[in-house]
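# A look at the structure
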Amino acid sequence: MKRRSFTTLALAATVALGAQPALAQDNVFKIGLILPMTGQQATTGRQIEAAARLWMAQNGDTVAGKKVQLIVKDDTSLPDVTRRLAQELVVNDKVNVLAGFGITPSAMAVAPIATQSKTPMVVMAAATSSITEASPYIVRTSFTLPQASVALGDWAPKNGLKRVVTLVSDYGPGIDAERFFRERLLLNGGQVPESLRVPLRNPDFAPFLQKVRDIKPDALFVFVPSGAGAAVMKQFLERGMDKAGIKLIGTGDVTDDDQLNDMGDGAIGVVTSHHYSTYHPSAMNKKFVADFGKANKGMRPNFMAVGGYDGMRVIYDALKASKGQGGGDGLLAAMKGQIFESPRGKIFIDAQTRDIVQNIYLRRVERKEGQLWNVEFDVIKDVKDPGKAR
Ligand code: PHB
């Protein structure tokens, strides 16, 4: 009886002094993963969370003697919510890294918090060129729209598509896509008779597509964020745009692997440029796709998943290299200049810009083994973000 009360007392004293929790805290490495898990961008959240969990299942949750803890928060893709969640994660949870960020406005909203708190911020999805310039603590593992768009501005006019109308979501990445595709097309002797912008929230593509039909260009270049591609494809086909001789081209966000297989045979032949296809034929990607599918009821990883998976690798490798020393600055320094093979091909985190350098592939939708895929037919190697050159 006496003995038991002594033990209880000792334990209570330790807890009161905070010795045990403090020790535990020091040995935990926290990643605050902020994603849209509901709402219009929910597929992005689902893909990235699944990829982050797959990375941890494959690589364990102990790195440099620390227990890695993933704290997932749903920002519903509203930037005010993203900002509040980031603040709470930094102040209350004392996270070591902020990560995720499904759309550009969410990433932009958190950039000042990363700077003030010296917390590395790994952007796994958002893709406007200027994001990495919003804070010196931002590192990107997704892609940029200028990176993806320029390749198509070279390909289109060489393949008989000289008059091209652009149709983009009216915010950062769409405006980047429109500008860089157009500039490259003009440089190659093409023309852009009209540039159309549709609202990001609840877009109705019908009136815009009608306008495109009237102009009757050789092709329509489209950027819409991941998750909105199927709606564009459906309305494009319903209006018989393809039958009217207008080719659909765009960045790979339109033929998103998350939705592609449900788009139907009307999608066959659509040419896009992007940094990742589920069908990428490397051994590493085949294993990634198989493992991802096994862990997620057969779901295909899309380009968002690969951004999340590689983002986790960047964090793990930085923690290993810095041995958990040096706080946010030590971790950030160890993220810069990383180079490794990803399921998408070789990637590099440019130490100067903290942005990703990667291959951009030209792909055509084909039916293979009974399913629709983005089949790569050309590659431009080691593409830096063209948005940074000016
Ligand atoms: C973005 O908001 O930066 C964004 C979102 C989805 C994409 C591409 C860019 O597919």
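Below is a summary of the structure that appears in this document. (Residues numbered from 1 in each chain as written. Predicted model: local features only at pLDDT ≥ 70, side-chain atom pairs only at ≥ 80, totals over all residues. Heavy atoms only, no water.)

## Some points on the side chain of Arg-140
Along the chain, Arg-140 falls in strand β6 (residues 138-140). Looking at Arg-140, the relative accessible area reads 0%, which means it is buried. At 3.0 Å, the side chain of Arg-140 and the backbone oxygen of Ser-129 are in polar contact. Among all residues touching Arg-140, those that are not within four sequence positions of it are Val-123, Ala-126, Ala-127, Thr-128, Ser-129, Ile-131, Thr-132, Ile-349, Arg-354, Asp-355, Ile-356 and Lys-388. (Helix = DSSP H or I, 4+ residues; strand = E, 2+ residues; numbered from the N terminus. Buried < 20%, exposed > 50% of the residue type's maximum accessible area, 1.4 Å probe, protein only. Polar contact = N/O pair within 3.5 Å; in protein donor to acceptor, adjacent residues only side chain to side chain. Contact = heavy atoms within 4.5 Å.)

## Digging into the site of the ligand
Near the ligand lie 14 residues; those nearest to it are Thr-104, Ala-127, Tyr-171, Ser-226 and Asp-253. One nitrogen or oxygen atom from the side chain of Thr-104 is found 2.5 Å from an oxygen atom belonging to the ligand. The backbone of Ser-226 places a nitrogen or oxygen atom 2.9 Å from an oxygen atom of the ligand. If the ligand stood free it would expose 280 Å²; the protein chains cover 100% of that surface. Looking at the shell around the ligand, its residues break down into nine nonpolar, four polar and one charged. (Near = heavy atom within 4 Å. Areas by Shrake-Rupley, 256 points an atom, 1.4 Å probe, with all protein chains shown as cover. Nonpolar A, V, L, I, M, F, W, Y, C, P; charged D, E, K, R; others polar.)

## Section: the packing of helix α11 (residues 303-322) against helix α12 (residues 327-335)
It is at 8 Å that the axes of α11 and α12 come closest, and there the two elements cross at 115°. Taken together, the axes of α11 and α12 are roughly perpendicular relative to one another. For the pair α11 and α12, the crossing hand works out as right-handed. Along the contact surface, α11 presents Val-314, Ile-315, Ala-318, Leu-319, Ala-321 and Ser-322, while α12 presents Gly-330, Leu-331, Ala-334 and Met-335. (Axes fitted to C-alpha atoms, helices over the stretch in contact; angles between N-to-C directions. Parallel < 35°, antiparallel > 145°, perpendicular 65-115°, else oblique. Left-handed = near helix turned anticlockwise from the far one by under 90°.)

## With respect to the sheet that holds strand β5 (residues 121-123)
Pairing is mixed across the open sheet formed by six strands, whose spatial order is β2-β3-β1-β4-β5-β6. The open sheet has two free edges, formed respectively by β2 (62-63) and β6, since each of these has just one partner strand. Direction of pairing for β5 relative to β6: parallel, over a ladder of three bridges. If you follow Val-123 over to β6, its bridge partner there is Arg-140. Across the sheet, helix α5 (residues 104-117) is in contact with β4 (97-100), β5 and β6; its angle to β5 comes to roughly 160°. (Pairing = 2+ DSSP bridges.)

## Some thoughts on the pattern of salt bridges
Close approach of charged atoms allows side chains with opposite charge to pair. Counted according to the given criterion, the structure contains 21 salt bridges. Notably, a salt bridge pairs Lys-287 with Asp-291, separated by 2.5 Å at the nearest N-O pair. Of this pair, Lys-287 and Asp-291 both sit in helix α10 (residues 283-295), four residues apart, roughly one helical turn. (Salt bridge = Lys/Arg side-chain N within 4 Å of Asp/Glu carboxyl O.)

## Some remarks on α11
Over its 20 residues, α11 extends 28 Å from the first C-alpha to the last, a length consistent with the 28 Å expected when each residue adds 1.5 Å. The element α11 is largely enclosed, with a buried count of 16 among its 20 residues. The N-capping residue of α11, defined by a side-chain oxygen 2.9 Å from the backbone nitrogen of Met-304, is Asn-302. Downstream of α11 by a residue or two, Lys-323 has a phi angle that is positive, lying close to 50°. (Expected span 1.5 Å × (residues − 1).)

## A few points about the packing of aromatic side chains
Counted under the stated rule, the structure contains nine aromatic pairs. By way of ring pairs, the aromatic residues Trp-55, Tyr-276, Phe-288, Phe-292, Tyr-309 and Tyr-316 are connected into one cluster. The side chain of Arg-300 reaches across the aromatic face of Trp-373, ending 3.6 Å from its centre. One Lys or Arg, Arg-364, reaches over the ring of Phe-377 and ends 4.3 Å from the middle of that ring. (Phe/Tyr/Trp six-rings, centres within 6.5 Å; stacked < 30°, edge-to-face > 60°. Lys NZ or Arg CZ within 6 Å of the ring centre and 35° of its normal.)

## Comments concerning the side chain of Gln-235
Structurally, Gln-235 is set in helix α9 (residues 229-238). Relative accessible area serves as the criterion here: at 19%, Gln-235 is assigned to the buried category. Polar side-chain contacts of Gln-235 include one of 3.0 Å to the backbone nitrogen of Ala-206. The residues touching Gln-235, leaving out its near neighbours within four places in the chain, are Asp-204, Phe-205, Ala-206 and Leu-209.

All we've got here are geometric facts, nothing functional implied.
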